[in-house]
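Spelled out from the first residue to the last, the chains are:
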Amino acid sequence: MNLMKSLIPAAAIVALPQMGLAQEAAVEGEAALHTQYIFTTLLFLMGGFLVFFMAAGFAMLEGGLVRSKNVAMQMIKNVALFSIAAIMYWLIGFNLMYPGDGWSISGWLGPFFSTTVLDPVGVGADAAALDYASIGSDFFFQLVFVAATASIVSGAVAERIKLWPFLAFVVVLTGIMYPITGSWQWGGGWLSEAGFSDFAGSTVVHSVGGWAALAGAIILGPRIGKYNKDGKVHPIPGSNLALATLGTFILWLGWFGFNGGSQLAMGTVGDVSDVSRIFANTNMAAASGAIAALIMTQVLYKKPDLTMVLNGALAGLVSITAEPLAPTLFGALWIGAVGGVIVVFAVPMLDKFKIDDVVGAIPVHLFAGIWGTIAVIFYGEANLITQLTGIVAYGVFTFVGALILWTILKATVGIRVSEEDEINGLDMAELGMEAYPEFSKG
């Protein structure tokens, strides 16, 4: 009995430090979980507002590359398309793109009519919910990508499309088409399972926007006076190249959020270091794309072309977006440079087919997007067949779907303004106001 009385306190003395260590480890583990949650949420929010600012970049780029009589139209399209994207992505898109275990058709189609629900107020009290990032930050970060896709279409079909049919197209693109294809890769769908790799969206975002824009440009036809019957091209200069240059720099800035935020984690030293690596590679690709276009236009046309240089920078950015982490700085340089060269040759190629792309969105986002997706094989773990499979899958679904939708809109409500309205300008014809009214009054 005396022995037991002695052993119990002794056991307690031995056990207490162990219990203390376990409690300390639990506290440290919870603190680490909180830290990861906080910093990843912060990454999404910072990346998200940088990508949101790209909406201003698209608006300024388009406003500078269209004629002054169509500038107000481009501004209202860009404000409206972002707003539509925000509503449609909440209403349908987010859960359609990220279905979790709620697939309607496994790996192919998520649930329809499932609205986004945010974390409850004070979610920090629920430790089980702290394994990733806040739903609000994730939703917002993914939303701004959707709006960027729609902005790509806006520039390509400028100066001859009606406002409301364009916005109707945006409703379907942002609410249904983009989320379905996005789920195939980023939602854990069939392409993700197959090993397709697209880090930040050379195909998922940019090529999708490019395919939709290509379909729209084909169905709409070229602007009046763009091409002669013999195929000769008549350049139609934009109204403000300074504004277009500003737009390009804004897009360049926003791309750091676009690619950097796609690391999707900032809770460790390794994650933060990788984000910095992505920033550096993203910047290098843009710079090399611009220089490549600068040199190529000097060689081909004996004078540099500013609009080509601007689009060269953007093509460099699109090219590196599929894999901005793995390449070295030299790798980012040559990948971006190829994108810049692609633009210089793709713009006149489209003109040969009489496909009128006002801002060069199709060469930048579609052609450079395809190149960037293929370039993953040089530094990532993907193989060429898988990458080509993804490119074709996204191309067929988006191009055919967009072609059908544009055709339906054309047959029902009409998508192109009258010849008189196009000549007078869409600002007055569609909006009854002008971006620069003092210049038209003489």
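Just so it is clear, the structure is predicted and the values come from calculations on it, not from any experiment.

> Before we move on, could you go through the overall build of the protein chain and cite the residues and values that matter?
When helices and strands are tallied, the protein chain shows 15 helices and zero strands. Looking at the protein chain as a whole, 51% of its 442 residues are labelled buried. Total accessible area computed for the protein chain in this model is approximately 19000 Å², and 70% of it derives from carbon and sulfur atoms. Distance between charge centres in the protein chain, computed from 18 positive and 29 negative side chains, equals 17 Å.

> Quick rundown of the packing of aromatic side chains? Include the residues and the values.
Taken as a whole and assessed by the stated rule, the structure comprises 25 aromatic pairs. Ring geometry for Phe94 versus Tyr98: centroids 5.6 Å apart, planes at 50°, classification tilted. With relative accessibility at 7%, the residue Phe94 sits in the buried group. Tyr98 sits in the partly exposed class, given a relative accessible area of 23%.

> I'd like a description of unusual backbone geometry, backed by residues and values.
At Glu159, a residue that is not glycine, the phi angle is positive and equals roughly 75°. Looking at where Glu159 falls in the secondary structure, it is placed in the loop between α3 (135-156) and α4 (163-185). Note on Glu159: relative accessible area 1%, which makes it buried. Positive phi, normally seen in glycine, also occurs at Leu264, with a value near 65°. By the secondary structure assignment, Leu264 is in the loop between α7 (241-260) and α8 (269-301).

> Tell me about the nonpolar core, residues and numbers included.
Formed by 101 residues in total, the largest nonpolar core has its most connected members in Phe145, Phe166, Phe169, Tyr178, Phe258 and Trp406. Among the elements that take part in this core, helix α2 (residues 71-97) stands out by supplying 13 residues, more than any other. Setting aside chain neighbours within four positions, we find Tyr178 in contact with Met97, Phe145, Val146, Thr149, Leu173, Trp186, Val204, Val205 and Val208. Of all hydrophobic cores here, the second largest spans six residues; its members include Ala285, Ile320, Trp371 and Ala375.

> Pulling in residues and values, what's your account of helix α11 (residues 361-375)?
With 15 residues, α11 extends 20 Å between its outermost C-alpha atoms, agreeing within 8% with the 21 Å of an ideal straight helix rising 1.5 Å per residue. Along its length, α11 reaches its greatest deviation from straightness, about 30°, at Gly369. With 12 of 15 residues buried, α11 is to be regarded as a mostly interior element. Of all the residues in α11, the buried ones are Ala361, Ile362, Pro363, Val364, His365, Leu366, Ala368, Gly369, Trp371, Gly372, Thr373 and Ala375.

> Which residues make up helix α10 (residues 329-352), and what values go with them?
A rise of 1.5 Å per residue sets the reference length of α10, with its 24 residues, at 34 Å; its end C-alpha atoms lie 36 Å apart and thus fit the reference within 8%. Residue Ala346 marks the point of greatest curvature in α10, where the axis turns by about 25°; the proline Pro348 follows within four residues. Buried within α10 are the following residues: Gly331, Ala332, Ile335, Gly336, Gly339, Gly340, Val343, Val344, Ala346, Leu350 and Asp351. For α10, the elements touching its buried residues are α8, α9 (306-321) and α11.

> Tell me about the packing of α3 against α4, and name the residues and values.
Packing of α3 against α4 brings their axes to within 10 Å, and their N-to-C directions diverge by 140°. By the angle between their directions, the pair α3 and α4 is classed as oblique. Crossing angle aside, the handedness with which α3 passes α4 is right-handed. Between α3, through Phe145, Val146, Thr149, Ala150, Val153 and Ser154, and α4, the contact on the second element is made entirely by Phe166, Phe169, Val170, Leu173, Thr174 and Tyr178.

> Please set out the pattern of salt bridges residue by residue, giving values where relevant.
Using the criterion set out here, one finds four salt bridges in the structure. A salt bridge links Arg223 to Glu159, with the nearest nitrogen and oxygen atoms 2.4 Å apart. Remark: Glu159 occurs in the loop between α3 and α4 and Arg223 occurs in the loop between α6 (202-220) and α7; sequence separation between them is 64 residues. Accessibility assignment for this pair places Arg223 and Glu159 in one class, buried. One salt bridge in this structure joins Asp356 and Arg223, with 2.7 Å as the shortest N-O distance. Here the residue Asp356 occupies a position in the loop between α10 and α11, and Arg223 occupies one in the loop between α6 and α7, the gap between them amounting to 133 residues. Summarising the burial analysis for this pair, Asp356 and Arg223 share the class buried. It is possible to trace a salt-bridge network through shared partners that takes in Arg67, Glu159, Arg223 and Asp356.

> Help me get a handle on the side chain of Thr373, residues and values and all.
Secondary-structure assignment places Thr373 in helix α11. Of note is the side chain of Thr373, whose polar atom sits 2.5 Å from the side chain of Thr203. In terms of polar contacts, Thr373 uses its side chain to reach the backbone carbonyl oxygen of Gly369, at 2.8 Å. Each residue touching Thr373, except ones within four places of it in the same chain, is listed here: Phe196, Ser197, Ser202, Thr203, Ala322, Gln387 and Ile391.

> I'd like a rundown of the side chain of Gln74, residues and numbers included.
With respect to the helices and strands, Gln74 occurs in helix α2. Ignoring anything within four residues of it in the chain, the contact list for Gln74 reads Glu62, Val66, Ser154, Gly155, Ala158 and Glu159.

> A description of a nonpolar patch on the surface should follow, citing residues and the corresponding values.
Together, Ile38, Phe39, Leu42, Met46, Phe49, Phe52, Phe53 and Leu253 make up a nonpolar patch on the protein surface, roughly 710 Å² of accessible area in all. Per-element accounting of the nonpolar patch gives the leading share, seven residues, to helix α1 (residues 2-65). Relative to the helices and strands, Phe39 is located in helix α1. We classify Phe39 as partly exposed; its relative accessible area is 37%.

> Give a detailed account of the packing of α9 against α10, specifying residues and quantitative values.
Following both chains from N to C, one finds α9 and α10 inclined at 130°, their axes separated by 7 Å at the closest point. It follows that α9 is oblique to α10 by the angle criterion. Like other packed secondary-structure pairs, α9 and α10 cross with a definite hand, here right-handed. Contacts between α9 and α10 involve Met308, Asn311, Gly312, Ala315, Gly316, Ser319 and Ile320 from the former and Ala332, Ile335, Gly336, Gly339, Gly340, Val343, Val344, Val347 and Pro348 from the latter.

Rules used in this analysis
- Residues numbered from 1 in each chain as written.
- Predicted model: local features only at pLDDT ≥ 70, side-chain atom pairs only at ≥ 80, totals over all residues.
- Heavy atoms only, no water.
- Helix = DSSP H or I, 4+ residues; strand = E, 2+ residues; numbered from the N terminus.
- Buried < 20%, exposed > 50% of the residue type's maximum accessible area, 1.4 Å probe, protein only.
- Areas by Shrake-Rupley, 256 points an atom, 1.4 Å probe, with all protein chains shown as cover.
- Lys, Arg positive; Asp, Glu negative; His and termini not counted.
- Charge placed at Lys NZ, Arg CZ, Asp CG, Glu CD.
- Phe/Tyr/Trp six-rings, centres within 6.5 Å; stacked < 30°, edge-to-face > 60°.
- Core = buried A, V, L, I, M, F, W, Y, C linked by side-chain atoms within 4.5 Å.
- Contact = heavy atoms within 4.5 Å.
- Expected span 1.5 Å × (residues − 1).
- Bend = angle between axes of the 7 residues up to and from the residue.
- Axes fitted to C-alpha atoms, helices over the stretch in contact; angles between N-to-C directions.
- Parallel < 35°, antiparallel > 145°, perpendicular 65-115°, else oblique.
- Left-handed = near helix turned anticlockwise from the far one by under 90°.
- Salt bridge = Lys/Arg side-chain N within 4 Å of Asp/Glu carboxyl O.
- Polar contact = N/O pair within 3.5 Å; in protein donor to acceptor, adjacent residues only side chain to side chain.
- Patch = residues over 30% accessible without salt bridge, like charges linked within 9 Å, V, L, I, M, F, W, Y side chains within 5 Å.

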